[in-house]
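Architecture at a glance
Below, each chain spelled out in residue letters.
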Amino acid sequence: REDNADIARDATRKDRLSQILRFVWPALGTCMADPAMSFVDAWCLGRTATTLDLAALGPNLTVFNFLTYGFFFLSAITTVRVADAVSRKEIDEAERSLFGCLLVAICAGIAIA
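Description of the structure in this document.

Concerning the overall build of the chain
- The helix and strand tally for the chain stands at 4 helices and 0 strands.
- Computed over the C-alpha atoms, the radius of gyration of the chain is 21 Å, more than 25% above the 13 Å expected from 2.2 N^0.38 for a compact globule of 113 residues.
- When the backbone C-alpha atoms are referred to their principal axes, the chain occupies close to 70 × 35 × 15 Å.
- Within the chain, buried positions represent 12% of all 113 residues.
- Summarising the internal contacts of the chain: among those between residues at least 6 apart in sequence, 45% fall at separations of at least 24.

Remarks on helix α2 (residues 51-70)
- If you check α2, its first and last C-alpha atoms are 30 Å apart, about what 20 residues at 1.5 Å a residue would give, namely 28 Å.
- Looking at α2, one finds that the buried residues are L57, L61, N65 and T68.

Side note on the packing of helix α3 (residues 73-87) against helix α4 (residues 91-112)
- The interhelical angle for the contact between α3 and α4, taken along N-to-C directions, is 170°, at an axis separation of 7 Å. It follows that α3 is roughly antiparallel to α4 by the angle criterion. When α3 is examined against α4, the residues L74, I77, T78, R81, V82, A85 and V86 are found in contact with a partner set consisting of I91, E93, A94, S97, L98, C101, V104 and A105.
- Looking at the contact of α3 with α4 residue by residue, the class counts come to 11 nonpolar, 2 polar and 2 charged.

Examining a nonpolar patch on the surface
- A contiguous nonpolar surface patch, about 790 Å² in accessible area, is contributed by L17, I20, L21, F23, V24, W25, L28 and M32.
- Assessed through its relative accessible area of 47%, M32 is described here as partly exposed.

Here's the deal with the pattern of salt bridges
- Taken as a whole, this structure holds 3 salt bridges when the rule is applied.
- The residue R88 makes a salt bridge to E93 at a minimum N-O spacing of 3.2 Å.
- Given the relative accessible area of 39%, R88 is considered partly exposed.
- A network of salt bridges, in which partner residues are shared, links D84, R88, E90 and E93.

So, how was this worked out
- Residues numbered from 1 in each chain as written.
- Predicted model: local features only at pLDDT ≥ 70, side-chain atom pairs only at ≥ 80, totals over all residues.
- Heavy atoms only, no water.
- Helix = DSSP H or I, 4+ residues; strand = E, 2+ residues; numbered from the N terminus.
- Rg over C-alpha atoms; globule rule 2.2 N^0.38 Å.
- Buried < 20%, exposed > 50% of the residue type's maximum accessible area, 1.4 Å probe, protein only.
- Contact = heavy atoms within 4.5 Å.
- Expected span 1.5 Å × (residues − 1).
- Axes fitted to C-alpha atoms, helices over the stretch in contact; angles between N-to-C directions.
- Parallel < 35°, antiparallel > 145°, perpendicular 65-115°, else oblique.
- Nonpolar A, V, L, I, M, F, W, Y, C, P; charged D, E, K, R; others polar.
- Patch = residues over 30% accessible without salt bridge, like charges linked within 9 Å, V, L, I, M, F, W, Y side chains within 5 Å.
- Areas by Shrake-Rupley, 256 points an atom, 1.4 Å probe, with all protein chains shown as cover.
- Salt bridge = Lys/Arg side-chain N within 4 Å of Asp/Glu carboxyl O.

Encoded structure:
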């Protein structure tokens, strides 16, 4: 009996770990996207442009990063609203929250660009 209980506990732990990892990767991607884009910008510009162009990239990245960080609240709000609706098994409300936040993100992206 103890072996079956241990196996069941291990399976439950693996399921929980799997669920956590499914959430962690997108969240980590959100945090890592900005530094990755800055690195790619600097790498591409460094290979093709002058030193003056590369020096101008620093302030540009600072301004863009500031604007991007200003909209990180959308990630937190979306996660909380969707998780709350899903926990109450209200999938329609979760979809409305997700699409509403997505619309705000698209409009903000267009405004920044």
